[in-house]
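# An overview of the molecular structure
Chain by chain, the residues:
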Amino acid sequence: MSDPADPMRIVPYDPSWPLLFAELGGRFRAALGDRALRIDHIGSTAVPGLDAKPIIDVQISVVTLEPEGAFRDPLERCGFLWRADNPDLTKRYFRERPGERRTHVHVRRSGTFDEQFALLCRDYLRSHSEAANHYGALKRSVEGLLSTDRDAYVKAKGPFLWAMMHAADEWAQQSGWEPGPSDA
């Protein structure tokens, strides 16, 4: 039997995930203060009922990504390692120290497409259980790729995610969606 905490497996939703985020979010808020405009729980673990890899994703929104020391130093004091080799230049990326619970910390500039994309995706899935169930089933169907070809896993989800984002954009326009208050 596989370990349900294995980050390379899709597991049923765990109600402890929001609590894990709350602890992290509180630590980050204390360390960053008003340098963080928002601190949000994003990704699949932020959607109640959604099957997910057991990885807590945190998005920290800042005014600017430079100088990086303004957020890098406090996040490193919180026990996270900056991944300078991350190829996505729209964010700064941090991970847990070896041996710690798998956590992804995404620092993004406030108001950017990627920051809003993560929040809209989360909120849409929270509001549309049918889409969340379909997404969970899709992830389960391609789960085997996680340990053999991570890029293929990501690509296999792409068509669904882009179609969902089209629907989410329409929903946002019809509902007047705006991100709610920061989670931490």
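Residues numbered from 1 in each chain as written. Predicted model: local features only at pLDDT ≥ 70, side-chain atom pairs only at ≥ 80, totals over all residues. Heavy atoms only, no water.

### As for helix 2 (residues 69-77)
Regarding helix 2, the residues found buried are F71, P74 and L75. Along the axis of helix 2, the buried positions cluster into a sector of 100°, meaning they face one direction only. Where helix 2 is buried, its residues meet helix 1 (17-32), strand 2 (56-62), strand 3 (80-82), strand 4 (91-96) and strand 5 (103-109). Backbone geometry just after helix 2 places G79 at a positive phi near 100°. (Buried < 20%, exposed > 50% of the residue type's maximum accessible area, 1.4 Å probe, protein only. Helix = DSSP H or I, 4+ residues; strand = E, 2+ residues; numbered from the N terminus. Arc of directions from axis to C-beta. Contact = heavy atoms within 4.5 Å.)

### Here we look at the packing of helix 1 against helix 2
Taken N-terminus to C-terminus, the directions of helix 1 and helix 2 make an angle of 130°; their axes are 9 Å apart at the nearest point. Relative to helix 2, helix 1 is oriented oblique. Crossing handedness for the pair helix 1 and helix 2: right-handed. For the pair formed by helix 1 and helix 2, the contact residues are F28, A31 and L32 on the first element and A70, F71, P74 and L75 on the second. Classifying every residue of the contact of helix 1 with helix 2 by side-chain character gives seven nonpolar, no polar and no charged. (Axes fitted to C-alpha atoms, helices over the stretch in contact; angles between N-to-C directions. Parallel < 35°, antiparallel > 145°, perpendicular 65-115°, else oblique. Left-handed = near helix turned anticlockwise from the far one by under 90°. Nonpolar A, V, L, I, M, F, W, Y, C, P; charged D, E, K, R; others polar.)

### A few points about the sheet that holds strand 5
Taking strand neighbours across the sheet as the criterion, the five strands line up as 1-2-5-4-3 in an open arrangement whose pairing is mixed. Only two strands of the sheet have a single partner each, and these edge strands are strand 1 (38-42) and strand 3. The mean inter-strand angle of the sheet, taken between neighbouring strand axes irrespective of direction, is 25°. Pairing of strand 3 with strand 4 involves three bridges; the strand directions are antiparallel. Each bridged residue has a counterpart across the sheet, and for W82 the counterpart in strand 4 is F94. This element, helix 3 (residues 113-127), spans strand 1, strand 2 and strand 5 of the sheet and lies at about 50° to strand 1. (Pairing = 2+ DSSP bridges.)

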